Amino acid sequence: MKEKGFAMKKRIVRVGPLALGEGVIIQSMTNVRTERTEEVLAQIGRLAEAGCPLVRVSVPDLPSAEALKVICKKSPLPVVADIHYDWRLAVRAAENGAAKIRINPGNMEPEGLKKVVAACKRADIPIRVGVNSGSLPERLLAEYGRTPEALARCARESVKLLEDLDFDQIVVSAKSSDVAGTVAANRMLADLPYPLHIGVTEAGTVRSGLIKSAAGLGALLLDGIGDTIRVSLSGDPVEEVYAARQILRAVGVDKSFVEVIACPTCARTECDVVGLAERVERLTAGLTVPLKVAVMGCAVNGIGEGKEADLGIAGGKGKCVIFRQGEVLCTLPQAEAEAAFLKILEEMCEERRERK
Ligand code: SF4
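Fair warning: this is a prediction, and the values are worked out from it, not measured in the lab.

Evaluation of the coordinates by the stated rule reveals 23 salt bridges. Measuring nitrogen to oxygen at the nearest pair gives 2.4 Å for the salt bridge that ties R56 to D82. Within this pair, whereas R56 is found in strand β4 (residues 54–58), its partner D82 is found in strand β5 (residues 79–82), the two being separated by 26 residues in sequence. For R56, a relative accessible area of 5% corresponds to the buried category. With its nearest N and O atoms 2.7 Å apart, the salt bridge here joins R187 to D223.

Per the domain assignment, the segments making up the chain are domain 1 (13–250) and domain 2 (258–355). In this structure, domain 1 and domain 2 have C-alpha centres spaced 38 Å apart.

The next point concerns the pairing of strand β11 (residues 258–262). As paired elements, β11 and strand β12 (residues 291–296) share five bridges and run parallel to each other. Counterpart to V260 in the pairing with β12 is V293. In this fold, β11 hands off to helix α10 (residues 273–284), which returns the chain to β12; that crossover is left-handed.

Conventions adopted
- Residues numbered from 1 in each chain as written.
- Predicted model: local features only at pLDDT ≥ 70, side-chain atom pairs only at ≥ 80, totals over all residues.
- Heavy atoms only, no water.
- Salt bridge = Lys/Arg side-chain N within 4 Å of Asp/Glu carboxyl O.
- Helix = DSSP H or I, 4+ residues; strand = E, 2+ residues; numbered from the N terminus.
- Buried < 20%, exposed > 50% of the residue type's maximum accessible area, 1.4 Å probe, protein only.
- Domains from an automatic or database assignment.
- Pairing = 2+ DSSP bridges.
- Right-handed = clockwise from strand over helix to strand, strands pointing away.

In structure tokens form, the structure reads like this:
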């Protein structure tokens, strides 16, 4: 992977206890009505449990902006307030405890934007300039069309609006539902001195959205571009966190996960590879322990192919072999092997957690 800093060295922007510009931070977004504070907090709690460090809530109206008072006070995670057009809501969000505001400055009236910046300065919180290909101004559409150039130009102009108001606690995002367009626009913005939040917007359902996001975010992350990420999925927001973690793991940005490798299965398969791999993934999904686990269909090839794994299981005729870095630990009847394997796995996770 290219060094982080292939883009210009980033200014560190603080969002609550988090430092944007150091590493890559996952975020997700609640999808229940913001004024239903108990439901929002329950969802934030589930996101926190899944390992999400930053959450965004949409603020479409005044009741939502007022609800932030309770949400921000009780939330275990710093809360980003997402606002479109109405500067009054952004001011209220800043006053009510939001840790960051997401707006599109180009869509706000200039006097209102000044008030938003003043409120964010008073609250000492940053602003994310969030531009989307769906809401580009007519002027840029006429000159560039709905292209990555238009998206990047729009983001730069919005950043300039904030800089002209002597504000530099800025995070930038330029999103499109088109993978190639998102990648191209963000590459054009990589020289900005501010952290970039990256994501493919309206990516789709859990399956198709994950694939689009992996393609787009993977390309950017491998270029060293991206300081926070969101995998936008139509579904439970917790799935976004798991998906983001999988992407970070796949590109080698974060190694603090249990990585489950599984063979694709073939005619030699002697055990329930798919079911067991899924059970292991579920069991280890929230853990931040660096561990590689292999689930292989047969002992003939499985032990060799899975020898880099810290722990592995391979099927056999009526039996399963449990192995550790290529060395056989034990051979058990299939009926007992899965429970034994999961027990050893839990012990290893515990051991590593204690070591940490
Ligand atoms: S590990 Fe065995 S069962 Fe799995 S794909 Fe390879 S040969 Fe087939």
